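# Residue-level structural notes
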Amino acid sequence: MAERVKHGPADLAVFGGTPEFDSPLHVGRPNVPDPERVLKRIAGALESRRLTNFGPLVREFEQAVAEVAGTRHCVATSNATAALQVLVAALGLRGEVIVPSFTYVATAHVLTWAGITPVFCDIDPDTGNLDPAEARRLVTPATSGILGVHVWGRQCAVESLRELAGEHGLALLYDAAHAFGCGYRGRGIGTFGDGAVFSFHATKFVNAFEGGAIVTDDDALADRVRALHFFGFDSDNHVIGAGINAKMSEASGAMGLTSLEAMSTVRRINAEHAERYVAELADVPGILVGTPGPNEWNSHHFVVLEVDADEAGLDRNRLAAALLAENVLTRRHFDPPCHRVEPYRSAPDRHVRRPLTRTDLVAGRIMQLPTGTGVTGDEVGRICRLIRMLVEAAPLL
Ligand SMILES: Cc1ncc(COP(=O)(O)O)c(C=O)c1O
């Protein structure tokens, strides 16, 4: 298709111009690996009649995930939410757990389902992650753990949180749903805390249709997790506790393994797109594209744009609406943050309903842009040009 050229604001779709793209560009459009390899693996599972319950594909997937994560153990699960439920139970969490509100609702809901009070902690606005100084102020005799979230694959303040957890004898676990293939100071991100959880949902960097995993270096915790994700059955077939069914199927293992094979290609494409967004938007006022900090490596699965409305002349919501008119579908991870949705918004507990000014500020300014194998470099360039034009046209919008 010949490239559409927008000469001025009148050509923008918000002013009645033709949308830049004929069909929608999405954030999180699945990175689909070689279909033939997926189908061959699934055919093998069908032939052998090993469809689930720790078949060879899931075993192989677990080993490969542990290798990338840098941990001794990996237990693959049906999704990350179930993985978090299992890990919370295996660590014996109760009472209160300190957690960011700036996360996907699943993180908080897992605590609520376990009868635990999520104590929402504000974030460091530079990283979007738990502020350890604030977390320290929230520790009470009822606190049993800290649940950090490596938002957009950027690691939490792992050293400070480890110190805090150690001082108070708290469990420290991480929701690393965004962070597979990321790391910090030469260590895979799964190695921080007592245990961590990845998501292999279809929209993630590596996907298993639906899937998740719990990784840990703690042998006893790994045994407990393995039992609890299988109704509580341990390796001797004794039920050791109230487990659930969070197993990964062989079909998901087939997809997960094939997706892992494509990981380095997807990472390279993501990195190229991220570089292009950073370079092409560098001089657009009020628009900042997030980049990993020093000593971090990232899958670049998320391209995060921060909009400073005063400088850009338009706020995040108006920019998102104008991009939508051009068929660019952005996302707002995470807006609204957890404390602004039910049941937390109406919770009687003062810890759940604390003011979280930095969380609200960041949630109101960020958006994610299309990346991954679902968009081309040329399309990324056109999205950048649109953003530049929209900021220039801001006084008219
Ligand atoms: C931070 C975070 N935690 C947990 C989840 C839940 O993952 P899953 O869909 O695999 O259950 C998500 C989903 O995107 C997430 O973003």
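Residues numbered from 1 in each chain as written. Predicted model: local features only at pLDDT ≥ 70, side-chain atom pairs only at ≥ 80, totals over all residues. Heavy atoms only, no water.

### Focus: the nonpolar core
Val65, Ile146, Phe180, Phe198 and Phe200 are the most contacted members of the largest nonpolar core, which has 46 residues in total. Looking at which element gives the most residues to this core, the answer is helix H2 (residues 56–69), with 6 residues. Ranked by size, the runner-up nonpolar core spans 32 residues in total, among them Leu12, Leu25, Val307 and Leu386. (Core = buried A, V, L, I, M, F, W, Y, C linked by side-chain atoms within 4.5 Å. Buried < 20%, exposed > 50% of the residue type's maximum accessible area, 1.4 Å probe, protein only. Helix = DSSP H or I, 4+ residues; strand = E, 2+ residues; numbered from the N terminus.)

### Points about the packing of helix H3 (residues 80–90) against helix H4 (residues 105–113)
Taken N-terminus to C-terminus, the directions of H3 and H4 make an angle of 45°; their axes are 9 Å apart at the nearest point. The angle between the axes of H3 and H4 places the two elements in the oblique class. Taken as a pair, H3 and H4 cross one another with a handedness that is right-handed. The segment H3 lies against H4, with Thr81, Leu84, Gln85 and Val88 engaging Ala106, Thr107, Val110, Leu111 and Trp113. Classifying every residue of the contact of H3 with H4 by side-chain character gives 6 nonpolar, 3 polar and no charged. (Axes fitted to C-alpha atoms, helices over the stretch in contact; angles between N-to-C directions. Parallel < 35°, antiparallel > 145°, perpendicular 65-115°, else oblique. Left-handed = near helix turned anticlockwise from the far one by under 90°. Contact = heavy atoms within 4.5 Å. Nonpolar A, V, L, I, M, F, W, Y, C, P; charged D, E, K, R; others polar.)

### Quick look at the site of the ligand
If you check the shell around the ligand, you find 14 residues, and the closest are Ala80, Thr81, Asp175, Ser199 and Lys204. Asp175 places a polar side-chain atom, nitrogen or oxygen, 2.6 Å from a nitrogen atom of the ligand. Within the side chain of Lys204, an N or O atom sits 2.7 Å from an oxygen atom of the ligand. Elements with a minimum of two residues in the shell around the ligand: H3 and H4. Residue composition of the shell around the ligand, by class: 5 nonpolar, 7 polar and 2 charged. (Near = heavy atom within 4 Å. Polar contact = N/O pair within 3.5 Å; in protein donor to acceptor, adjacent residues only side chain to side chain.)

### Comments concerning the packing of aromatic side chains
Per the stated rule, a full pass over the model turns up 11 aromatic pairs. Geometrically, the ring pair formed by Tyr184 and Phe192 is tilted, given 6.3 Å between the ring centres and 55° between the ring planes. Among the residues examined, Tyr184 registers a relative accessible area of 9% and is labelled buried. A centroid spacing of 5.5 Å and a plane angle of 45° characterise the contact between Phe230 and Phe233, whose relative ring orientation is tilted. Residue classification places Phe233 among the partly exposed residues on the basis of a relative accessible area of 28%. (Phe/Tyr/Trp six-rings, centres within 6.5 Å; stacked < 30°, edge-to-face > 60°.)

### With respect to the domain arrangement of the chain
Taken as a whole, the chain is organised into domain 1 (9–29 + 263–330 + 370–396) and domain 2 (35–261). Listed by partner, the interface residues are 17 residues for domain 1 and 22 residues for domain 2. Across the interface of domain 1 and domain 2, roughly 1,700 Å² is buried in total on both sides, 56% from carbon and sulfur atoms. Contact with domain 2 buries area across many residues of domain 1, yet Met263, Trp297 and Phe302 alone supply 40% of it, more than any other trio. (Domains from an automatic or database assignment. Buried area = accessible area lost by both parts, 1.4 Å probe.)

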